[in-house]
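Notes for the structure review
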Amino acid sequence: MSVPPDSSPPITLRGFRPSDVPFVATIVAEALQEHYDPSLYGSLSHDWTQGFLVAADSNDVPIGFLLGVSQVEREARILMFAVDRRFRGTGIGTLLMEAFLIRCRARSFRRVTLEVRVSNATAIRFYTRYQFSVVDLLRAYYSDGENGYQMAREPP
Ligand SMILES: CC(C)(COP(=O)(O)OP(=O)(O)OC[C@H]1O[C@@H](n2cnc3c(N)ncnc32)[C@H](O)[C@@H]1OP(=O)(O)O)[C@@H](O)C(=O)NCCC(=O)NCCS
């Protein structure tokens, strides 16, 4: 899907490819302060390939992504969601989330969940705008001991 309007340069939304791994890993390291084994991305995309969305620039380089999985029947879980810092606030996160929710509806999912650091006000505001609400406090959920919120939206 090509998105021409006022976004400059043009952004393309497409599925994840194995060649995206180094770019996605770089975004993750900066945005989420986490490092995962590179093989994780491919293995997580296996069960529901449509759940792993990549926003790519005009050179087809990933500048944002949303990795959703479906490990519970008729539920999706957003495992990772990040946009390259240089491109935040330009609507790329919105494009990814809206495309993801369309895919959830196409699968007749009844619920979408995610986890977020309690300190991540930007992301919490973003998710709230998409009708996600806090359903649980996850104590010491993150490896540095920070609490997390589980948020959910139903139906997607
Ligand atoms: C959360 C995140 C993915 C959102 O991505 P994004 O591309 O910045 O999202 P958008 O640009 O669509 O929207 C972000 C904000 O910019 C505003 N915005 C949207 N389109 C815009 C545009 N064309 N011009 C200016 N501002 C715009 C939105 O109103 C939104 O405002 P908000 O702060 O009130 O929510 C991004 O902030 C990020 O990568 N954060 C670090 C990683 C992270 O925290 N991930 C979530 C972990 S659970």
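Above this note sits the structure.
Now for a quick tour of the structure. None of the values given here were measured: they were computed from a predicted structure.

The next thing to look at is the site of the ligand. In the region of the ligand, 20 residues are neighbours, and Phe81, Gly89, Gly91, Thr94 and Asn120 sit closest. Taking Thr94, its side chain carries an N or O atom lying 2.5 Å from an oxygen atom of the ligand. Look at the ligand: alone it shows 940 Å² of surface, and the protein chains cover 71% of it. Judged by the fraction of its atoms near the pocket grid, the ligand is located in the largest pocket. Counting residues per element, the ones that place at least two in the shell around the ligand are strand E5 (75-83), helix H3 (92-106), strand E6 (111-117) and helix H4 (121-129).

What follows deals with the packing of aromatic side chains. Inspection of every chain in the model, using the stated rule, returns 10 aromatic pairs. Seen in terms of ring centroids, Phe126 and Tyr130 are 5.2 Å apart; in terms of plane orientation they differ by 35°. Their pairing is tilted. For the pair Phe126 and Tyr130, one class covers both residues: buried. One aromatic cluster is present, formed by Phe81, Phe126, Tyr127, Tyr130 and Phe132 through successive ring pairs.

About the cut-offs
Residues numbered from 1 in each chain as written. Predicted model: local features only at pLDDT ≥ 70, side-chain atom pairs only at ≥ 80, totals over all residues. Heavy atoms only, no water. Near = heavy atom within 4 Å. Polar contact = N/O pair within 3.5 Å; in protein donor to acceptor, adjacent residues only side chain to side chain. Areas by Shrake-Rupley, 256 points an atom, 1.4 Å probe, with all protein chains shown as cover. 1 Å grid on protein atoms, 1.4 Å probe; cavity = no way out; pocket = protein on both sides within 12 Å on 5 of 7 lines; lining within 4 Å. Sits in = over half its atoms within 2 Å of the grid points. Helix = DSSP H or I, 4+ residues; strand = E, 2+ residues; numbered from the N terminus. Phe/Tyr/Trp six-rings, centres within 6.5 Å; stacked < 30°, edge-to-face > 60°. Buried < 20%, exposed > 50% of the residue type's maximum accessible area, 1.4 Å probe, protein only.

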